[in-house]
Amino acid sequence: LMPVETDNDLLIFLNPDEFGVEASYVSRDPAVEPKDIPGQFDDEGSNLNPNRWNGTQFQMQMGASVTSSGPTFLCRTSDLNKGGRKGEKLTIKGQEYRIEDKRPDGTGLTLLLLMAND
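Residues numbered from 1 in each chain as written. Predicted model: local features only at pLDDT ≥ 70, side-chain atom pairs only at ≥ 80, totals over all residues. Heavy atoms only, no water.

Right, let's talk about the pattern of salt bridges for a bit. Side-chain pairs of opposite charge can arise whenever the charged atoms involved come near each other. This structure, assessed with the given rule, holds five salt bridges. Taking the shortest distance from any N to any O, the salt bridge between Asp79 and Arg76 comes out at 3.0 Å. Among the ionic pairs, Arg98 bridges to Glu100, the shortest N-O distance being 3.2 Å. The class of Arg98 is partly exposed, set by a relative accessible area of 28%. Bridged by salt links that share partners, the residues Lys86, Arg98 and Glu100 form one connected network. (Salt bridge = Lys/Arg side-chain N within 4 Å of Asp/Glu carboxyl O. Buried < 20%, exposed > 50% of the residue type's maximum accessible area, 1.4 Å probe, protein only.)

The structure is reproduced here in structure tokens:
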């Protein structure tokens with residue numbers, strides 16, 4: 001039986017002093033205050049990993065070779081508080097990103113798929 005991690009346990013993985021960064025999150029819900037949330041930011045994108053988003057279903061059907069995936073931000077599901085919806089904003093290291101998709105992993109973490117707002 002796997003022990004269930006608490007939100008505090010999850011913070012160990014997201015510690016800004018270790019692997020993590022602080023992102024400034026802005027919800028589409030005006031009642032939700034913008035806040036900083038800890039997470040793991042990955043903008044490598046060039047080393048393909050099959051578990052990563054690598055283009056749309058349509059691109060895959062068309063046989064498009066996808067050489068990069070979008071940047072991702074892994075954070076605690078509880079920090080999003082039902083948020084992380086498409087179109088919401090995250091600012092990481094001074095760059096603003098738009099959330100394209102979210103993938104909760106069922107263990108208390110959510111992977112956000114991002115697009116840079118140019």
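So, about the environment of Arg85. In this fold, Arg85 is placed in the loop between α3 (77-80) and β4 (89-92). For Arg85, a relative accessible area of 32% puts it in the partly exposed group. Ignoring any residue separated from it by four or fewer positions in sequence, one finds Arg85 in contact with Ser27, Arg28, Asp29 and Ile99. (Helix = DSSP H or I, 4+ residues; strand = E, 2+ residues; numbered from the N terminus. Contact = heavy atoms within 4.5 Å.)

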